[in-house]
Each structure stands twice: as structure tokens, then as C-alpha cells.
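# Breakdown of the fold
Residues per chain, in single letters:
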Amino acid sequence: MQVKQELKQEKGTTGVFRKEKEGFNPFKMAQQQFDRIADQLNLDEQTRELLRNPLREYSFSIPIRMDDGTIKVFRGFRVQHNDARGPCKGGIRFHPQETQDTVRALSMWMTWKCSVADIPLGGGKGGIICDPHNLSEREQEKLCRGWVRQIARDIGPVRDVPAPDVMTSGQHMLWIMDEYETIMGGQYPGLITGKPVELGGSRGRTEATGYGIIYILRELLKEMKMDIAKTTTSIQGFGNVARYSAELLLQYGGTVVSVSCWDQVENRTYSYYKKTGIKLDELIKITDRFGTIDKKQAEKLGYENRPGDDWLTQDVDILIPAALEHSITEENVNQIKPRVKIVICGANGPVTPEAEDYLEKKGVIVVPDFLANAGGVVCSYFEQVQSNQNYYWTKEEVLGKLDNKMTDAFYKVWELSKRKKIRVSDAAYMIAISRVAEACKMRGWV
Amino acid sequence: MAQEITMDDKIVESTNGNMMRELKERVKELNCFYQITKVVNDSRLSIDEALQKIVNLMPPAWQFPEITCVRINLEGRKEFKTENYKKTKWTQESDIVVEEKKIGRLEVAYLEEKSHAAEGPFLLEERRLIDAIASLLGKFIEERRIKEELEQQRKRLDYVQKIMKAEEKEIAAISKTPAQKPDWEVILDLLVKTDPRTLLRITRKMTYYLYRIENEKVTALLNRIAPSIDSDSSAVDWRGIHMPNQRQDLADLVTIQKEVFEIAKECIPAEDISNLFANWMKQDKARPLLLQSQKTGIPLVEIAGELNRFFDQPDAELSISPEDQMSIKTALIRRFFTDRLEYVNVAKMFFDVFDFDFLLEHVVGPAQGTGKLGGKSSGVLLAEKIIEEEMKKDDVLKDIAFPKSWYLTSDSILSFIHYNDLDEVSHVKYLDPIEIRQEQPFLEQIFKHSTFPYEIVEGLRRIISDFKDNPIIVRSSSLLEDNFGYAFSGKYKSLFVPNLGTEEERLHALMDAIAEVYASTFSPDPIEYRRERGLLDFNEEMGILIQEVVGTRVGPYFLPTYAGVAFSRNEFRWSPRISREDGMIRIVPGLGTRAVDRMGNDYPILISPKRPNLQVNPLVEERIKYSPRFMDMINLETGIIDTVDAVKFFREHADEFPNLSDIVSIHESGRLTPPNVLFNPKEADIVVTFSNLFEKTDFLEKIKRILALLEEKISTPVDVEFACDGKNLFILQCRPQSQSRDIERKPVPKDIPEDRKLFSTKKYVTTGQIENIEYIVYVIPEEYTNLTKREQMLKIAKIVSELNTKLPKRKFILMGPGRWGSKGDIKLGVPVRYGDINNTSMMLEIAKEKGGYIPELSFGTHFFQDLVESNIRYLPLYPDQGEDLFNEKMLCESQNRLSEVLPAYTNFEDVVRLVRVSDIIPGGTLSVVMDGEANEALAYLKPADHLSWRTQKIEEIAQALDPELYGVQEMYLIGSTKDGSPGPTSDIDLLVHFKGSDEQKDKLMVWFDEWGKKLAKENKERTGFDTEGLLDVHIITDEDIKKKSSWASHITSPYQTVRKISLKKDV
């Protein structure tokens, strides 16, 4: 390994004390990925310059009077990567350390994600440097309100729409919304997404991501001339995404032979296998609220209890990694059975680039995460639309519209991938980036 | 207790001789006499009324009041008699004489025949009393006559007074003095005649009294008897041994009596003296109790009887002087609780003598036994008293409650053992630990099949009927549990008894539980613990605390609505903003078992009573994940403890469960809110959070105040167990926090050389020790940061995870950068999950300075509660700050064993180092000592043996010992040091073949004792362990060797070996 040699040299001269080097930088990686696609798109230099970096970055102080009466100053920030296609959209996180580059990378990723789903939103991300484990609820509320006071003018339903993210919840969003409405003097439920239904949230949100995956899978199978009712699938995970993927897939007549879950009691993962296919209802009944399937009861119901990684090695048509990142790596990718034709990424980054290369060579179609799991962000978009017009749809309406959006998005990508004979993820990136680049051009920015 | 008390009079007589009975008779007599003097001095009474009263007052002073009758016969003129008066042949008489003329007769008669005494059935004292009363009557009648005369005189004088006002006072004085002798003088007269001992006591009291009010004459008087030392100090040589003070002739005491009362008469108003007398006489009522209580080892039944008798008297409490009160109660505290002065000092401020009367009604034990109540009971009772006192003043605490409790004395276990001929168990503690482990289940069954002595069974029967059908808990309360600094908590058993069925069934269930708790005294864990701490030879006795289970009935179950344990020091801080002093509560719904014990797969709610806003789990997902999932409760149908799914239980019993909204929240749309009235328990997503209990009730305030109060009064951090029955908060148990499980305090050793220290810190330290660490997994912070790919960081997590399964469980520690368990932004720390690290014994986060700024550490927040429940310790390290030390070189220069254990990951050898401690120090281990109290922690390398140090010390002893001088023939080494396996606290066992005189033997023992103490001190500096003297010396004589008795068997037995220590003989 390259890393190793460099380190060896370092140690030879300095002993224990090492020089700090540039380590992992997610923003650099995002830029490299962008550059690669930009090359393929033949983007001009100015557009690249514009899209390689965020449009705007805000960084500001939030002084808070703590519960004990002392004042503490926190750092808040918001990165708006690009809003050429519509208001920025992205989470607000509480994070213990200043990691600007992570936030930049994530905001860029949001731009592409919204673009590939073809929703009129741009990419943003932001947060406050703090560890909520050291803050009382009241202090957190003050922080949220303080954050809004500093940036109220630069966010809003038509500017930049925050959402919950790492270590923030619906409650934080409601404080943010309330403070914003107080400052602006009006009702602006469209400021944020991820609200409870009573306060302007959208129905169908829990289903959105999982269903979105299956809408795409359904269309992909049509394209591959496979009957969805005759397919078998193995799913990693048994959380929200995995469950609703399975639900819809079973509705369509498909067979799911395996799911996996984290066993809270034994602190390890297990796969549960049933040759004839799982029944969702009976499994949910024996699953606790933490997503652990009861091992004994599952065995009673005829499920085979297998090691956690077993989902990967099933003789199936489709794999849906819907739990962890880096689940399919160069080490285990060769264990995937030749029968597998499709890997559709429910989780974020479940397939490493090396593994993806390998799968491509084997002719396996990998649907990238930011397309496959875009159902969530599409639903957030729907939430915003409903909030802005103060008119709320039924769940069926939401899911119907979601189906249309996902199907459209997929065909755009698929068409390009077929036409240019490139892998699906590259096609998705190219479409996403070119749409944004076009918008910038149309606006006369570049 | 009632039965024992009624039958105890006989016991008192038989065991205690006549002294007590006599004393009581004296008190009765004095009491009677005192009351008669009062009647006599009451000028409002006519002479007839007075005489009738006196007749009625007399019978109680005689031995058999119920068959005693009295008559005053005034020579045919008048007669006064008790209602039951009858002339019988058992009569004593005394003449009433006025101006040397007999005017009548006082008669006392028994209505039944009684055994023969001094004068027929009458006692000598009764003769004195009847004479004294007769004489008093004579004087009384005489006085009244004079009074009548004086009355006439006064009328005349009044007339004169009007004329001669100036002389008024004088005349009044004249008119008074001859008329009335103050009643105290009357009493004194009586005492002179009847009771020289009481007289002497009263004289002493008066002398002290006068001395205290600094009466010069008395001071002079006392000086005459007992010359004070400083009066002529040149005569006294203070520098050395001096002669005893001279004995004065105490015949004087009797003679000074007159003087003393003369002085008193001069300087104290008569009325005051009378009051003093009245008080002293009253106080005399407490004398039997006082005397009894001071007896060491007074049997339970005697002291209980004495208390009962004392408090049966009207106004009993008022009649004890404060000094007597103090000395009675301290004696009782020592008798029933502990000799430990720290305890006695606090307890005496809170207990009344009366409390013991009540307490002993709830004590069961061998009637003739002298056992105590044991540590746990003492702790609970003291806490109860302290809180009760505060409840009077503090409104917040006013509805605190305490469970109904009974106590079995600690010697009940001995009587149980003797009764069943189980005496052989006493040697169990000296067996090999493996043998103990093998024998324990059998022993437990033997105990369970044994029977209790009759008197105990009767006591237990009372307990059963008192508790009715309320479930009960049987808790151990051993003598060792009382000692500060030893954590026996959880080592002895506590058992629930559902208390169902017929009385007989319930009784047997209770006995079964007690027997099992008894058997736990001989179980391997506590014995091992005692062995380690040198407590094996302590005569451990097991008291039992029997409490009602606090709770309420819900469906077929019995359970408290919530229960838990509160600590006044927080040993598991989840944020740097929380200090140790902020305390911590572990609380669960249902029985507190799940809060007291660590369940591993379930979580209690943790909260700091002083910082409730800083939650352990501020994020909704975390609060759900770490909420209690199960509840323990007593199933009243089956009689066993069921563990029930909490959410399911609340769904089914939402309407019956008291104050459910205090306990649960509803999870909806990513938020947790307390249930409102409209909530549907069948559908809502219920999560146990205690939100409303913490925010809307004064529960936290109560706990906070109780902790602060108890900590202040007991002068040590405490932990308190509590439970709620749906209405009141009950305090179940209280003990010093140092006795809690796993948080025993040990100081950081001070003499560790620098090159053996791995790290030390003075920040955010909690209390705990980790010993025998064999491996250190070190993720080098800089190298980790330098990784260029996310996959590589995930790989590091994988390596840690695999090491976690490969390395010996709990024998390794993890050290790494920043925040273990980071998600998302994994540059901040290795992205492990709890399952990847669950076998480590400790997790360290290293915050190295980067470009002038110190990264914020996680404090284990990503899986904090998992760490707490598995007792994995956490420590942050700031090597670039202040006093923190981190000897990174030690880890980097030692061989990296990673590729041996995980050959697949050789690539990452530069990022992850696996260090085997014995590579650095052959045979050694790493120890981490964390002392939260002092806020310092140290990890240091420990050499393998304690043997060489001990061997060296034995040499020194041998060199120092003069065998001639002390009569030592030979000296041998036995025990663990001889076997080559001493631990850090092991005694050095010496066998001394002794051939000298008794005097030499005493000197020798003193000499060894001093050496033992010296070595213990050295050993403490060396190891940090406290021991009571490190030498265990056994003396054997020729005789012993001949008889092959006890320790001599070491030399004579072919199965034992000793090592001879060469003494310096030919000097």
C-alpha cells in the first residue's frame, strides 16, 4: 500500500512524532468525481470553476446564554452550493467539530441529487458546531433560534430550505421554523421539511425512499425484460428503507428470500433466510422497535438464521443493500452469485468504487444511491410544495406523484446509459451535472 | 416482641439476681414518699383529705400493690383506709406520734399470704418506709395544728403590720420558718433513715450541681477531699511515671453530706431545691434502664423487656436526664448497630431512646443472643431517622415514606447453624476457592432443608402475620457490610418472597429465603473478596432485613410504579459539563432490580438530579434506543418474578397503572411527548422516558435534597435505593457510596517510577480500577488522520472489531483518537459500533492538539449507556495539556503484535499497534487506577510478583529479631509467600516456635505487630492497597508440637511444608 510506505519513511526520521499530512478530504473527493464527469461532459472552465465550489458560504457566531447563566459562543454555518435550478435544499446538523470540507462535499452532493431526480431545488448544507450531548434541550432551542436570527435573510421557502440531519430532529426544525416566522411575521411552513403532518408535513414520507427504490427497480426490470413477479431479491437491513422496499416488491409479486438486521442483544448482525420468501407481516410482528428480529421466533416461523453477511451471497436476481455504507467491497464482491443481475443501492455508498468496477465487468447493473434513494428528497420537495400552497395531498397522491418522478428520473438516466454505453452511475452524474450547468448558462452566469 | 416481654420477668429474676428487683422497689418507695410529701405540703387540702390521699398513695410502694391495703387509725377519733382494707394476719404497723404522744396507728396489710421475708412477708425496706411515713404523718398533724395556731396569730399580726410596716419582712420571716419545713428536707430526712445509697447519689448530684454553679464553699469542700492537681504543681512530676493520687478517706463523703445541704440551703431557694430533687427522683426511674443498657452483651430479651417496662410508665420520656438519655442511647446504638464511632457519633444525634422501644418490637433473634442488626439495617435506620427529622422542616420531603421493616439479629445465623449441627461450615472460608465453588450449591440445599430454632420460628410467624399478604424482600445485613470501604453490595443475596398462600406456606417461603441468604455467607464470591482484603478471619455474622415490597397491584402483578438507585457522586459522567457532585439516578419502571443490577441488554434511565437538563441521550433515536424495554414485577398468581415487555405491559394496563403519564412518552413524528388525555395506549408508540416525572413533579428535587442531606449528615457520599407505590416515594436503603458495587475507591499509588507509567490524567476522572490488562490496542491519532480514504478508516474499525473478538475478554484496553464510534464524519474517530468494542475493559479517547486547538471528545456518547451497563470504563486523555502524561514512546517502541493476531491486516501496522504488556515488562500487567474523589488516574506497569519484596522483608525481619531476647527457637514461613504466590495484599504468614516466658511472648507479639504495621505502610506505598498489618504470626510451643495441635501441624504433618527462616543465632 502506498500509504504504508510514506508512513514508514516518516517514522524512520522522526520516531514517535509524526508530521500532520493531508488526510482524507471528502470535498476533494467530491471535486475529483465532479472533474471526471465534467471531462466527459466537456464542460468549460468557468462552469467547472462555478460548480466545483459552493456559491455562498455563511459562517457566523451564535452567542447563547447557557442554563447556568454563562455565555458561550457557538459557530453556525450554511453552505449554499448551487441554486440555479431552485432554492437550496439540505440538512442542518449539529456537529462537534468544524469540518467545513465535509459540509461542502455534502452540499454539492445535494445539488446533484436534486438534479438527477429532476426537482427544482439546489444543494445546501449547514449546521452548528456543538455536541448536543453537552447541551440541555433549552440550550439547543436557543441555538436553533440563534442560528435562524443570524441567517433569516438568506434562507426561506424560496431561498434555502433546511431539513433535519445528523443529531437534529423534527423538534429542532420546528424551533427554527417558529423563529423564522416570528422574524418574518407570517406563516412559512415551507421554510423547512421533515415536519410532523399536523404542522405541515407530508404524508407518505416513511414509505418514500423504499418505494422509490422499487419504482426504479420495476422500470429497470421492464427494460431488462424480466418479470418482477418471477424475481428473487436479497435485502440487507430491516429498517425503514428495507422494509418499505420489501413491502412494495412483495406487492408486485416479487420474492424476497433474505433480510438482515442488527441484533441488539447479541451485538452482531444476522441474516434471516426463507427459501420460499419472507412474509413481511409476520417478521414485523416479531421485530422490536429497534429493528431487531427475534431470533427464536424467526426460527419458529421457519426462517434460517445465518451470519450477517449472508444476504450478499444468496443465489438471487437482485441485491438491495439498504443498511450500511461500504457493504460491498473488493474483498467480498466476488462472493456475489453469478445469477445476480442488479444491485440497487438503498443505503448511501454501499458499494465501493473498486467493487463497482468489478460488478461492471461482470455485467451487473448497479443503480447508484443518489438516484435509487432519491425518493426521500423528492418527498421533501413535495412537502415544501404542499406547505407553500397550504394544501395537503393524500398519501396516495403523494406516492403516485413520487412514482411519476422516480420513473421519469430513471428513464432519463437509463436512456443515456444505454445510448452512451456508460455505467448507470456515470449517466446519473452526467445528467445531474449537465442540468445544473444548463441552468447556470440559461441564467447567464457562465 | 410482646410475648417475650411478658415472660421476661422471670428471666430477669433468674439471670439477674435480686439487685434489679431491689432497685425497682427502691424507686417505687421513693416515688411514693415523694408524692406523700407533695400531698402533705399542699395547703389547699384539708387534713382529712390529705390523709385519705396518703392512704391511697401507699399500696404501689409495697411489693404486691394489688393485694396491699392501708389504714390510718387516729386513736378512735377518725379512720382513713383504702377501699379494699381488711384486717388480715399479714399486717405491719407503725405508731403515729405527736409531741411524744402516740395519737394513732398506720397499718399496711396483705390480703393474701406471701412468702416469708424480713418481717413476715414484708421487706426490711418496707418497715423503714412505713416508719418514715408514720413519722411524717406525725409531723404533718403537728404542723397542721401549729398552723391553725399561727393562723390566729397572723390575724393578730396583720393588725400589727398595719401599724408597723417597717418590720413587716422580719415578722413574716419569723412567721414562716418554723411553720414549714421544705419538702426536700423532709425527703432528705427520709433518705437518711431509709436509703443511704440514694442519699449518697443525691448528695453527689447536689455537690456537682453546686460545683457547676461555682459555689465557692463547695469548691473549697471538694478541694479538701480531692486536692486538684494544679494547686501545687511542683509536687507533681509530669515527665515520667508518677505515683497514684492519694486516696482520701471517703467516710468524709457521708459527713460532708450535711455540709453540702447546708450550703445548698444557703444559696439555693428552697423551691429550686425541691424541683431539683423532684427531677433527680424522677430520673431515678431510668436507672434500671441505664444500668442494663450499659452492660455489654446484654441479651436481646432483657434489654427489650427493660425498655418496654420503662416506657410503660407514664411520662417516661420526660423523666430521663439528657446525660442519661445520651448514655442509654449510645449504649443501645453500640449494642444493636455498631461500635464504629463515625456511626455512633451521627446516630446519637438522631435516635431517641424511645425509638429503640419501637425498633425492638420489630426485632427477632435468639432471646439470650447478643447479635446486632448488621450493616444494611443500621444504614437504613439511620437514614430514616435523618430524613424524618428533616421532613418536619422541609415541605418538599414531607411525604417521603419508609417501608415496614423487621430485623433478624446477626447471631440468628449462629443459632441456626448450631441448632442444625452445621458447625462445620465455619471452616468453609478457609477452603480452596474451587472447593467452595463446588460445595456451595450443596451447602445451600442443606441450609434450605434445615429448621429454625423455635424462638426464631415464632418471631418469623409474627412477621408473616404483620405483613399480611404484601410481598416481602429478604435482604442480607451482615456485620462486614457495615464497614466503610468494603463493597459487599451484591455479594450476598437479597430475595423476594411473594408471600402467598396459607400462613404456614408463607412462613416456609420466608424461612427458605432466609436460609438461602444465610448460605450466601459461605458462597465463593464474598469469601474470595474477603480473602483478597484480609477480612477472612473477621467473624462474619449475617443479620437479615425483612422489608415489605413497595408497590401496587396492577392486573395480576405487584410492582412499584418506578424504582431505582440514586448516587450522590456521579461516576459515569456523560458530559464534561457534569461534575461528580451532580450525582446520578438510575431509574426503571417496576422493581428496582433492573436499575440496581446491570442488565447488559437493557437500560435504565440515567439522570443527574442536579443537572437534569443535560440528558445522557438528547437525540430522539438515542432516547428510544436506550429506554428500558423490560420490567420486573411479582406475579401474584404464580409467585415468581416475571420480566415483562414494558411497552406491552403499559398497553394492556394503561388505565390501572397509577400516573402512567409520569413514566412514558409517546413517539410521534420524530418527537417524544408526554401522553395527553386523549392518547390511545393500544396504538401509540410508547417509550419509557420519565419525562413528566422529571419535569412536572418534585421527584428530582426530593432525591437531590435527600442525597445532599444524607451526605452532609453521614459525611460521606451515599447511595440510596428508592421506589414508588404510586403515591409516595419510599426510601428503601442507604449506604456509603464507597460500598456500592464497582465503585470502591482506591487511591492512585504515588511511588511508581516514571518509566513504568503509561499515562496519567487529572481531568474528568471517575472512580474505578482495572487490573491485569494484558494488551493495549493503540490507534495512532496522527496516522489515523493521515488516512486518505474513507474505506481505510472503515478498515480500522474492522481491525478493532476483529481484535475485540480475538483478544482475551476484558484483558485489553482501547486507545485512539478523538471520538470512538463516529458516524458520518468518521475522520473524528474510529467508526466502531458498540458490538465492535464490547469486550474491552476500557476505552480511551486521546485529544492531541492540532494547529493550536484541542478536539472535543465524545465521552463515549455514541454508546454511553452500553458502556455503563457493561462496566466498560471511559477516560479522556489530553496529552498536550497541563499535567496529563502519555508515554506514547512505550507503545511505539514495543513490538507490534497486530500481524500475529490478524495477519490479513499487516498493511495497517503503522496505524494500529497491538502492544502486549508482557513485552514491555516481562510477566507484568497494566493497571489503571482511577480515583474520582481526587480526580486523578494513572496507568502503570505492574511487575509480575509481590514475592521478591516479601522475601526481602522476611530477611530484614530475621536480621532484626533477637531470638535470645524474645525466646524464639525457630521461625518458619508458611502460606502464600512460601508458596510463591502472594497477591498485593497477602499477609506474610510466620510460624514461630516459641520457648520463652509469657512476658517474652507478649513482648514478641508487640514487636511483630509493629513490624506488621510498618510493612503494611510500605506495602501501601508500593501497591496502593490498604492492609491491617502485613504479618500474620502464629506462636507454637513444644507442647503444641507434641500434640500436633493447630498450627504446629504445619511442621508435624507430612502433608504440609514450611520454609525455615535462618535467625541470627550466634551473635
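Residues numbered from 1 in each chain as written. Chains lettered and ligands numbered in written order. Predicted model: local features only at pLDDT ≥ 70, side-chain atom pairs only at ≥ 80, totals over all residues.

### Digging into the overall build of chain A
Looking only at helices and strands, chain A has 15 helices and 12 strands in total. Taking 22 Å as the expected radius of gyration for a compact globule of 446 residues, we find that chain A reaches 23 Å, a close match to that expectation. Dimensions of chain A, computed from C-alpha atoms along their principal axes, come out at roughly 60 × 60 × 50 Å. Expressed as a percentage of the 446 residues in chain A, the buried residues total 51%. Looking at chain A alone, contacts between residues at least 24 apart form 71% of all its contacts between residues at least 6 apart. (Helix = DSSP H or I, 4+ residues; strand = E, 2+ residues; numbered from the N terminus. Rg over C-alpha atoms; globule rule 2.2 N^0.38 Å. Buried ≥ 20, exposed ≤ 12 C-beta atoms within 10 Å, placed from the backbone. Contact = placed C-beta atoms within 7 Å.)

### Some words on the overall build of chain B
Along the backbone of chain B there are 41 helices and 35 strands. Classification of the 1067 residues of chain B by burial places 44% in the buried group. Long-range pairs, those at least 24 residues apart, make up 72% of the contacts in chain B between residues at least 6 apart in sequence.

### Here's the deal with the packing of helix α4 (residues 100-116) of chain A against helix α15 (residues 424-442) of chain A
Residues and elements named next belong to chain A. It is the contact of α4 with α15, at a shortest axis distance of 8 Å, that shows an interaxial angle of 95 degrees. Viewed along their axes, α4 and α15 adopt a mutual orientation that is roughly perpendicular. Counting all contacts with α4, which are made through Thr111, Trp112, Ser115 and Val116, the residues of α15 involved are Ala428, Tyr429, Ile431, Ala432, Ile433, Arg435 and Val436. The class makeup of the residues in the contact of α4 with α15 is eight nonpolar, two polar and one charged. (Axes fitted to C-alpha atoms, helices over the stretch in contact; angles between N-to-C directions. Parallel < 35°, antiparallel > 145°, perpendicular 65-115°, else oblique. Nonpolar A, V, L, I, M, F, W, Y, C, P; charged D, E, K, R; others polar.)

### Focus: the pairing of strand β5 (residues 160-164) of chain A
Side chains on a regular strand alternate between the two faces of the sheet. All names here are of chain A. For β5, a buried count of five out of five residues is recorded, marking the element as mostly surrounded by other parts of the structure. In terms of strand pairing, strand β3 (residues 88-95) meets β5 through five bridges, oriented parallel. For Lys89, the partnering residue across the bridge sits in β5 and is Val161. (Pairing = 2+ DSSP bridges.)

### Topic: the sheet that holds strand β1 (residues 68-74) of chain B
Residues and elements named next belong to chain B. One open sheet accounts for four strands, arranged β2-β1-β4-β3; its pairing is antiparallel. Because the sheet does not close on itself, it has two edges, and the strands there are β2 (78-81) and β3 (91-98). Sheet twist, expressed as the average angle between the axes of neighbouring strands with direction ignored, equals 15 degrees. In the sheet, β1 pairs with β2 via four bridges, with the strands oriented antiparallel. From the neighbouring strand, Arg71 faces β2, where its bridge partner is Lys81.

### Focus on the interface of chain B and chain A
Accessible area lost upon the coming together of the parts is a frequently used measure of interface size. Tallying the contact residues gives 44 residues for chain B and 41 residues for chain A. Secondary-structure elements contributing two or more residues to the side of chain B that touches chain A are α24 (620-625), α29 (781-786), α30 (790-806), α31 (834-837) and α33 (888-893) of chain B. Residue composition of the side of chain B that touches chain A, by class: 14 nonpolar, 13 polar and 17 charged.

### Digging into helix α20 (residues 454-467) of chain B
Residues and elements named next belong to chain B. In this model, α20 (14 residues) spans 20 Å end to end at C-alpha, consistent with the 20 Å of a helix rising 1.5 Å per residue. All of the buried residues along α20 are Glu455, Ile456, Gly459, Leu460, Ile463, Ile464 and Phe467. Tucked into the core, α20 has its buried residues touching β5 (363-364), β6 (405-408), α18 (412-419), β7 (472-478), α21 (503-520) and β9 (542-548). Directly beyond the C-terminal end of α20, a positive phi value near 50 degrees is found at Lys468. (Expected span 1.5 Å × (residues − 1).)

### Re the confidence of the model for chain A
When the pLDDT values of chain A are averaged, the result is 91; 95% of them are 70 or greater. Confidence drops under a pLDDT of 50 for residues 1-17 of chain A, and excluding neighbours within four residues, the segment shows 13 contacts in the predicted structure. (pLDDT = per-residue confidence, 0-100.)

### With respect to the packing of α20(B) against α21(B)
Residue and element names in this part refer to chain B. For the pair α20 and α21, interaxial distance at closest approach is 10 Å and the crossing angle is 115 degrees. The hand of the α20/α21 crossing is right-handed. On α21, the residues touching Leu460, Arg461, Ile464 and Ser465 of α20 are Glu503, Arg506, Leu507, Leu510 and Met511. A class-by-class count of the residues in the contact of α20 with α21 yields five nonpolar, one polar and three charged. (Left-handed = near helix turned anticlockwise from the far one by under 90°.)

### A closer look at unusual backbone geometry
Non-glycine residue Lys421(A) carries a positive phi angle of around 55 degrees. For Lys421(A), a count of 8 C-beta atoms within 10 Å puts it in the exposed group. Residues other than glycine seldom take positive phi values, yet Ser715(B) does so here, at roughly 60 degrees. Position of Ser715(B) among the secondary structure elements: in the loop between α28 (699-714) and β20 (718-724).

### Here's the deal with the pairing of strand β2 (residues 71-82) of chain A
All names here are of chain A. In terms of strand pairing, strand β1 (residues 56-65) meets β2 through 10 bridges, oriented antiparallel. Looking across to β2, one finds that Glu57 is bridged to Val79. Linking β1 to β2, which pair antiparallel, is a turn of five residues; within it Gly69 sits at a positive phi near 95 degrees.

### Some details on the sheet that holds strand β17 (residues 664-668) of chain B
Residues and elements named next belong to chain B. Strands sit in the order β18-β17-β19 across an open sheet of three strands; the sheet is antiparallel. At either end of the open sheet lies a strand with only one pairing partner, and these are β18 (671-673) and β19 (686-688). Between one strand and the next, the sheet's axes are offset by a mean angle of 40 degrees, whatever the strand orientation. Sheet topology places β17 next to β18; three bridges connect them, and they run antiparallel. When the bridges of β18 are listed, His667 appears paired with Leu672.

### With respect to the nonpolar core
The biggest cluster of nonpolar side chains holds 202 residues, and the ones touching the most others in it are Ile514(B), Val720(B), Ile731(B), Ile776(B), Val777(B), Ile796(B) and Val800(B). Ranked by the residues each element gives to this core, the list is headed by α21(B), at nine residues. Beyond its immediate chain neighbours, meaning those up to four positions away, Ile796(B) contacts Val779(B), Tyr784(B), Val830(B), Phe908(B), Val911(B) and Val912(B). Counting 102 residues, the second largest nonpolar core, distinct from the first, contains Ile37(A), Leu283(A), Ala322(A) and Val413(A). (Core = buried A, V, L, I, M, F, W, Y, C linked by C-beta atoms within 7 Å.)

### What about the environment of Ile686(B)?
Residues and elements named next belong to chain B. By secondary structure assignment, the location of Ile686 is in strand β19. With 24 C-beta atoms counted inside 10 Å, the residue Ile686 sits in the buried group. C-alpha separation for the pair Ile686 and Ile624, spaced 62 residues apart in sequence, amounts to 9.5 Å. Setting aside its immediate chain neighbours within four residues, Ile686 contacts Val647, Phe650, Arg651, Val664, Ile666 and Pro681.

### A look at the confidence of the model for chain B
Residues and elements named next belong to chain B. Mean pLDDT for chain B: 82, with 88% of residues reaching 70 or above. When mean pLDDT is taken per element in chain B, strand β11 (residues 557-559) scores highest with 95 and helix α1 (residues 2-6) scores lowest with 39. Confidence drops under a pLDDT of 50 for residues 1-17, and excluding neighbours within four residues, the segment shows 18 contacts in the predicted structure. Predicted confidence for residues 174-179 stays below pLDDT 50, and this span has six contacts to residues more than four positions away or in other chains. Across the interfaces of the predicted complex, the ipTM metric reaches 0.81, alongside a pTM of 0.73.

### Here we look at the environment of Ser274(B)
All names here are of chain B. In this structure, Ser274 sits in helix α11 (residues 270-283). Put simply, Ser274 and Leu914 are 640 residues apart on the chain and 88 Å apart in space, counted from C-alpha to C-alpha. When near neighbours in sequence (up to four residues on either side) are disregarded, Ser274 contacts Pro182, Asp183 and Trp184.

### Here we look at the environment of Trp1047(B)
Residue and element names in this part refer to chain B. Of note, Trp1047 is situated in the loop between α40 (1038-1043) and α41 (1049-1052). Residues Trp1047 and Phe699 lie 348 residues apart in sequence; the distance between their C-alpha atoms is 58 Å. For Trp1047, the residues in contact, after removing those within four places along its chain, are Leu991, His1034 and Ile1036.

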